[in-house]
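Coordinate analysis (summary)
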Amino acid sequence: MDVLPRHQQRCVELSVDSILCRWSFICDPYKNAPFDRSHRLLLFTRMPLTSTIRNANALSGLLLVLFLVVHLGGLTSALGAPASFEAYASGLHHNPLLKPLELGLALTSLLHISLSIHKGLRNRQAGNTAQLNSRRAEPFAAWASRSKTIAGVITLGFLGLHLQQLRFPRPMDGHEREALVHVLHQPLSLAVYGLGALAIGLHLVHGTEAAHRSLGWLDPANKSAIRFGGRLLAALLSGGFLLISLGLALGAQA
Ligand code: HEM
């Protein structure tokens, strides 16, 4: 039995067609694919979920960048001011907010990793194997974008080793720097820390701009500033972690 009279059904069909037509015009990746109308409607209804996933992935990535800024800030005193570094580390360990913050960090990391995998798999299933060629004649940015998966995987590998060495178990109060120097005196560890720092920089060159674009915060007026700011931040974080690792490995006494 028809729920709507015939003329109203036709009207609904026309509206759906008009929305689909507008959507196809703006952003339909399947524009030229031989899909029928119901298949296109299915793709259309999935769009809000796709954009929620994209936004959540972008926001979780930006939160992790915030963690890196705080983490690097906390580590800087390890090079030149060992006593204040130990005081900072002990203060952190006894802060009641540390547990909830650690849990939040772990959940944010898991969300970012799983949404990135989900996005990658969907792209692959959609048959998107295109290689990115930058029309801006910026081979480095195009390379950073192509390398986002491998840079993410290297970062994850580094993180596994890093947490196993310095978090599980955590160094005792007053021995944080000693544990750090002990780790960085091992050539293999130092190599992994260096590689991790470079991979994070590369991941951020792509990630900071991509996150702003996904969230709709990039527009013609601010795009140069956001690109420049993102690359500067990537260079500072990557260079900072590299410098601290090398400084502690080569210069510091345990
Ligand atoms: C120069 C490079 C780095 C050094 C020397 C360093 C040092 C440390 C130290 C000493 C801790 C233990 C803190 C504690 O006592 O609770 C720690 C924890 C941690 N680091 Fe790093 N870190 C470096 C780079 C990184 C990078 C690049 C990342 C992210 C990819 C990272 C992620 C973490 C995480 C997630 C924890 C555990 C935080 C917690 O749960 O309390 N670190 N790091």
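Above: the structure in question.
This one's a predicted model, so the numbers in the text were calculated from it and none came from an experiment.

When helices and strands are counted, the protein chain shows eleven helices and zero strands. Tracing the protein chain from N to C terminus, the helices and strands come up as α-α-α-α-α-α-α-α-α-α-α. Here the protein chain, with 254 residues, has 16% of them falling under the buried criterion. The long-range share in the protein chain, meaning contacts at least 24 apart out of those at least 6 apart in sequence, stands at 77%.

This brings us to the site of the ligand. Glu 102, Leu 166, Phe 241, Ile 244 and Ser 245 are the nearest of the 21 residues found near the ligand. Those elements that provide at least two residues to the shell around the ligand are helix H3 (47-75), helix H8 (148-166), helix H9 (176-184), helix H10 (187-214) and helix H11 (223-250). Ranked by residues supplied to the shell around the ligand, first place goes to H8 with five residues. Taken together, the residues of the shell around the ligand sort by class into twelve nonpolar, five polar and four charged.

Relative to the assigned elements, Ala 56 resides in helix H3. Those residues in contact with Ala 56 that lie beyond four places of it in its chain are Leu 111 and Leu 115.

Attention now goes to the nonpolar core. Leu 180, Leu 184, Tyr 193, Ala 199, Ile 200, Leu 202 and Val 205 are the most contacted members of the largest nonpolar core, which totals 19 residues. Counting only elements with at least two residues in this core, the list comes to H8, H9, H10 and H11. Apart from residues lying up to four places away in sequence, Val 205 is in contact with Ala 141, Ala 144, Gly 230, Arg 231 and Ala 234.

Let us now look at H8. The terminal C-alpha atoms of H8 lie 26 Å apart, and with 19 residues this matches the ideal 27 Å at 1.5 Å per residue to within 8%. For H8, the set of buried residues is Ala 151, Gly 152, Thr 155 and Phe 158. All buried residues of H8 fall inside an arc of 125° around its axis, so they share one side. Along H8, the residues that are exposed and aim more than 90 degrees away from the buried face are Thr 149, Ile 150, Gly 160 and Gln 164. Buried residues along H8 sit in contact with helix H6 (98-125) and H10.

Tracing the chain through its elements places Leu 202 in helix H10. With 22 C-beta atoms packed within 10 Å, Leu 202 lands in the buried category.

As a further point, take H6. Taking 1.5 Å per residue as the helical rise, H6 with its 28 residues ought to reach 40 Å, and the 40 Å between its terminal C-alpha atoms agrees with that figure. Immediately downstream of H6, the backbone of Gly 127 shows phi near 80°, a positive value.

The next point concerns the packing of H10 against H11. Where H10 contacts H11, the two axes come as close as 8 Å, and the packing angle between them is 170°. Taken together, H10 and H11 sit at an angle that is classed as roughly antiparallel. Here the residues of the contact of H10 with H11 are counted per class, giving 15 nonpolar, seven polar and three charged.

Moving on, we come to the environment of Ser 116. If you trace the backbone, Ser 116 turns up in helix H6. Through-space distance from the C-alpha of Ser 116 to that of Ala 58 is 9.6 Å; in sequence the pair is 58 residues apart.

In this section: the packing of H8 against H10. Helix-helix packing is characterised by the crossing angle of the two axes and by the distance between the axes. Relative to each other, H8 and H10 sit at 140°, their axes nearing to 8 Å. By the angle class used here, H8 and H10 are oblique. For the pair H8 and H10, the sense of crossing is left-handed. Contacts between H8 and H10 involve Lys 148, Ala 151, Gly 152, Ile 154, Thr 155, Phe 158 and Leu 161 from the former and Val 192, Tyr 193, Leu 195, Gly 196, Ala 199, Ile 200, Leu 202, His 203 and His 206 from the latter. When the residues that make up the contact of H8 with H10 are grouped by side-chain class, the tally is ten nonpolar, five polar and one charged.

About the criteria used
- Just so you know, the residues in each chain are numbered from 1, in the order the chain's sequence is written.
- Reporting of local features is limited, given that this is a predicted model, to residues whose pLDDT is at least 70; pairs of side-chain atoms are given and counted only at 80 or more, and all residues count toward the totals for whole chains, interfaces and linings.
- Runs of E in the DSSP output that reach at least two residues are strands. Runs of H or I that reach at least four are helices, and both are numbered from the N terminus.
- Note on burial: count the other C-beta atoms lying within 10 Å of the residue's C-beta; 20 or more is buried, 12 or fewer is exposed, in between is partly exposed, and C-beta positions come from the backbone.
- Residues are treated as contacting if the C-beta atoms built from their backbones sit within 7 Å of each other.
- Only the C-beta atom, placed from the backbone, is used; a residue is near a molecule or strand if that atom lies within 6 Å of it.
- Asp, Glu, Lys and Arg are counted as charged, while Ala, Val, Leu, Ile, Met, Phe, Trp, Tyr, Cys and Pro are counted as nonpolar; the rest, among them Gly, fall into the polar class.
- What we call a nonpolar core is a set of buried Ala, Val, Leu, Ile, Met, Phe, Trp, Tyr and Cys residues whose membership is set by joining through C-beta atoms within 7 Å.
- Multiplying one less than the number of residues by 1.5 Å gives the expected span of a helix.
- The arc in question is traced by the directions running from the helix axis to the C-beta atoms.
- All axes are obtained by fitting lines to C-alpha atoms, using only the stretch in contact for helices, and the reported angles, taken between N-to-C directions, cover 0 to 180 degrees.
- Oblique is the label for any angle not under 35 degrees, not over 145, and not in the 65 to 115 range, which are roughly parallel, roughly antiparallel and roughly perpendicular in turn.
- The handedness criterion is simple: a crossing whose near helix is rotated anticlockwise from the far helix by less than a right angle is left-handed, and one whose near helix is rotated clockwise is right-handed.

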